[in-house]
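Structure at a glance
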Amino acid sequence: MEQTQGRLWYKLRGALIAPAYLFTILCAYRENEHWTALVLGLVFFATGFGLRVWSQMHLHYRLKEHKILTMTGPYTLIRNPIYIGNTLILTGTTLIAELIWFVPVMLLACMLTYSLVVRYEERHLSEKYGDPYQAFLAQVPRWIPRIKARTDLTTGKHMRFLMPSMLAEAHILLLLILPFAKEMIFTPNGL
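Throughout this description, residue numbers start from 1 for each chain and increase along the sequence as written. Only residues with pLDDT of 70 or above have their local features reported here, since the model is predicted, and side-chain atom pairs are shown and tallied only from 80 upward, although totals for entire chains, interfaces and linings are computed over all residues. Think of the side-chain values as coming from all heavy atoms in the structure, minus any hydrogens and water.

Next up on the list: unusual backbone geometry. The backbone of arginine 30 sits at a positive phi, close to 55°, despite the residue not being glycine. For the purposes of this entry, the term helix denotes a DSSP run of H or I that reaches at least four residues, the term strand denotes a run of E that reaches at least two, and both are numbered from the N terminus. Here arginine 30 shows up in the loop between α2 (13-26) and α3 (35-59). Assessed through its relative accessible area of 58%, arginine 30 is described here as exposed. Its identity as a non-glycine residue notwithstanding, glutamate 98 has a phi of 70°, on the positive side. Counting through the fold element by element, glutamate 98 comes out in the loop between α4 (81-96) and α5 (103-129). Here's how the labels work: a residue is buried when its accessible area is under 20% of the maximum for its type, exposed when over 50%, partly exposed in between, all with a 1.4 Å probe on protein chains only.

Below, the discussion takes up the packing of α3 against α4. At a closest axis distance of 7 Å, the pairing of α3 and α4 adopts a crossing angle of 160°. By the angle between their directions, the pair α3 and α4 is classed as roughly antiparallel. Handedness of the α3/α4 crossing: left-handed. Note on residue categories: nonpolar means Ala, Val, Leu, Ile, Met, Phe, Trp, Tyr, Cys or Pro, charged means Asp, Glu, Lys or Arg, and polar means any other residue, Gly included. Within the contact of α3 with α4, the residues separate by chemical class into 16 nonpolar, nine polar and one charged. Lines are fitted to the C-alpha atoms to define the axes, a helix being fitted only along its stretch in contact, and any angle between axes, read from their N-to-C directions, falls within 0 to 180 degrees. Relative orientations are named as follows: roughly parallel for angles under 35 degrees, roughly antiparallel for angles over 145 degrees, roughly perpendicular for angles from 65 to 115 degrees, and oblique for any other angle. Rotating anticlockwise by less than a right angle from the far helix to the near helix defines a left-handed crossing, while the corresponding clockwise rotation defines a right-handed one.

What follows covers the packing of aromatic side chains. Two rings belonging to Phe, Tyr or Trp (six-membered ring only in the last case) form a pair when the distance between their centres is within 6.5 Å. Interplanar angles under 30 degrees mark stacking, angles over 60 mark edge-to-face geometry, and anything in between is tilted. Evaluated as defined, the whole model comprises seven aromatic pairs. When the centroid spacing of 5.6 Å and the interplanar angle of 45° are considered together, the rings of tyrosine 10 and tyrosine 120 count as tilted. With a gap of 110 residues between them, tyrosine 10 in helix α1 (residues 2-11) and tyrosine 120 in helix α5 connect regions that are remote in the sequence. Just as tyrosine 10 is buried, tyrosine 120 falls in that class too. With centroids separated by 5.7 Å and ring planes inclined at 35°, the aromatic side chains of tyrosine 133 and phenylalanine 136 adopt a geometry described as tilted. Taken together, the residues tyrosine 133 and phenylalanine 136, both in helix α6 (residues 131-139) and three residues apart, mark about one turn of the helix. Taking relative accessible area as the criterion, tyrosine 133 reaches 4% and is therefore assigned buried.

On to α3, then. Here a helix's expected span is defined as the number of its residues, less one, multiplied by 1.5 Å. The end-to-end C-alpha separation of α3 is 36 Å, in line with the 36 Å expected for 25 residues at 1.5 Å each. When we look at burial in α3, the residues that qualify are Ala37, Gly41, Phe45, Gly48, Phe49, Leu51, Arg52, Val53, Ser55, Gln56, Met57 and His58. Should any heavy atoms of two residues lie within 4.5 Å, those residues are counted as being in contact. On its buried side, α3 packs onto α4, α7 (156-159) and α8 (162-169). Once α3 ends, the next one or two residues include histidine 60, with phi positive near 65°.

The structure is reproduced here in structure tokens:
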């Protein structure tokens with residue numbers, strides 16, 4: 001039962017976050033129309049997007065490559081860099097939509113959703129990869145990066161995946177359309 005429920009959370013993870021994102025587009029309550037919200041939002045978004053691309057360079061989730069247990073790149077620092085990237089992206093879109101007061105709600109929605117998802121993923125990957133994955137769990141933190149000097153963050157062999165990873169993650173840029181459209185449509189002078 002718990003495994004089936006976990007799989008459902010995993011499959012619906014994007015749909016579970018979508019209502020919070022759509023709320024930021026539809027809500028105009030207490031918007032903070034200050035340029036710092038836009039700048040911070042773009043910084044958060046760009047950081048999250050960069051983290052997703054870097055993760056993809058090593059994980060190859062959307063690339064037509066053989067999947068292996070990934071323990072290089074951002075996965076040497078943190079177990080779930082894509083979910084951290086998603087959280088940064090959604091925080092960024094919330095700021096771009098000028099709903100600074102909603103940032104804690106968005107963070108809570110991401111934390112709840114991704115915490116439930118990783119429980120399923122970790123069980124699944126433990127079954128799939130066994131002891132090497134158990135060692136990975138013991139060495140690499142789930143959410144808070146362990147910052148230490150590493151030489152294997154991105155090697156030359158991974159750089160060949162930069163452009164394919166950027167293309168595989170380009171769909172994420174579509175998340176910027178609605179917050180900017182909201183500003184263009186609902187603000188008399190546009191941006």
